[in-house]
Amino acid sequence: MIPRAVLFDLDETLLTSDADECWRRILEQKFPGTRIFDGFLLSRDRFWHDPAGDSRAKLSIAQADTFILEKTLEACGIADTSAAFETAAEVGQQIIESTRFFSGAREKLEEIRALGIPMGLITNGSQQRQREKITQFGLEDFFASIVIEGEMGFGKPDLRVFQHALKMLDVVVDHRAWMVGDRLDFDVAPAQALGMRGIWRAHADTPRPVGSTAIPDLVLASVSELILDDGL
């Protein structure tokens, strides 16, 4: 079955970076002898994956990272949080410098484009950071619809994100619209709830989320494995 359209997640589906390593290295340098990095990971996960979180902070990655780090420092008993902004900016620059396509991802986008299949990009995160990556890697050339949480005011797993992306492509929301992403809860499950085909880009070192009942229609170790006419 050849899809009418394919939607892609961005981070850790098409692009990857050394984000966690950048945060670990700099936080351990600036705050030695603490467990701030572990606390930061927990705070960051809660912040970005809470649909009811502070949507204003999500509009700016620098503001979001500063906010998360301030909360982490406070939780670790560090009263002086004045270094949070400078630290977040330093880490952010290193993350940008380490961002890259997954092997074979760009070639797969080129293949899909050559077949004339419309594609959409839906990504959570701030407008500034996500637009920088989209421009840096020339993704505007591939995607006729680009939906960013920081621009919409809401993000995945809100079903409106998927509906909006497909509406921009003038494509019916059904099983011939595919969603490819690395999150079962934010990519696969909501797409399937709309009747779309949910395809999980699974990472070898990332276990299935605790409590997740989503069963992907297809599991890929890499976007490069995606077959556009699998006969199903």
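Going by the structure above, here's the rest.
The following paragraphs examine the structure supplied in this document. (Residues numbered from 1 in each chain as written. Predicted model: local features only at pLDDT ≥ 70, side-chain atom pairs only at ≥ 80, totals over all residues. Heavy atoms only, no water.)

## Re the overall build of the protein chain
Step number 1: Each helix and strand in the protein chain was counted, giving nine helices and eight strands.
Step number 2: Against the globule reference of 17 Å for 232 residues, the protein chain gives a C-alpha radius of gyration of 18 Å, in line with a compact fold.
Step number 3: Taken over the C-alpha atoms alone, the protein chain extends approximately 60 × 35 × 30 Å along its principal axes.
Step number 4: Out of the 232 residues belonging to the protein chain, those deemed buried represent 49%.
Step number 5: Of all intrachain contacts in the protein chain linking residues separated by at least 6 positions in sequence, the fraction that spans at least 24 positions is 66%.
Step number 6: Here the protein chain displays about 11100 Å² of accessible surface, and carbon together with sulfur accounts for 52% of that area.
Step number 7: The positive charge centre, built from 25 side chains, and the negative charge centre, built from 37, are 2 Å apart in the protein chain. (Helix = DSSP H or I, 4+ residues; strand = E, 2+ residues; numbered from the N terminus. Rg over C-alpha atoms; globule rule 2.2 N^0.38 Å. Buried < 20%, exposed > 50% of the residue type's maximum accessible area, 1.4 Å probe, protein only. Contact = heavy atoms within 4.5 Å. Areas by Shrake-Rupley, 256 points an atom, 1.4 Å probe, with all protein chains shown as cover. Lys, Arg positive; Asp, Glu negative; His and termini not counted. Charge placed at Lys NZ, Arg CZ, Asp CG, Glu CD.)

## Considering the state of the cysteines
Step number 1: Applying the stated criterion across every chain, the model contains zero disulfides.
Step number 2: Of all cysteine sulfurs in the structure, the one in Cys22 sits closest to Cys76, which takes part in no disulfide; the separation is 20 Å.
Step number 3: Of the residues examined, Cys76 reaches a relative accessible area of 37% and is grouped as partly exposed. (Disulfide = S-S within 2.5 Å.)

## Observations regarding the packing of helix α1 (residues 19–30) against helix α2 (residues 36–48)
Step number 1: The N-to-C vectors of α1 and α2 enclose an angle of 140 degrees; their axes lie 9 Å apart at closest approach. On the basis of their axis angle, the class for α1 and α2 is oblique. Crossing of α1 against α2: the hand is right-handed. Between α1, through Asp20, Trp23, Arg24 and Leu27, and α2, the contact on the second element is made entirely by Ile36, Phe37, Phe40, Leu41 and Arg44.
Step number 2: For the contact of α1 with α2, the residue count by class is six nonpolar, no polar and three charged. (Axes fitted to C-alpha atoms, helices over the stretch in contact; angles between N-to-C directions. Parallel < 35°, antiparallel > 145°, perpendicular 65-115°, else oblique. Left-handed = near helix turned anticlockwise from the far one by under 90°. Nonpolar A, V, L, I, M, F, W, Y, C, P; charged D, E, K, R; others polar.)

## Quick word on the pattern of salt bridges
As a working rule, side chains carrying opposite charge can pair if their charged atoms are close by.
Step number 1: Counted by the stated rule, this structure contains 16 salt bridges.
Step number 2: Across the pair Glu21 and Arg24 runs a salt bridge, and its minimum N-O distance is 2.4 Å. On the criterion of helical spacing, the pair formed by Glu21 and Arg24 is a turn pair, its members being three residues apart in helix α1.
Step number 3: According to the relative accessible area criterion, Arg24 is partly exposed, its value standing at 26%. (Salt bridge = Lys/Arg side-chain N within 4 Å of Asp/Glu carboxyl O.)

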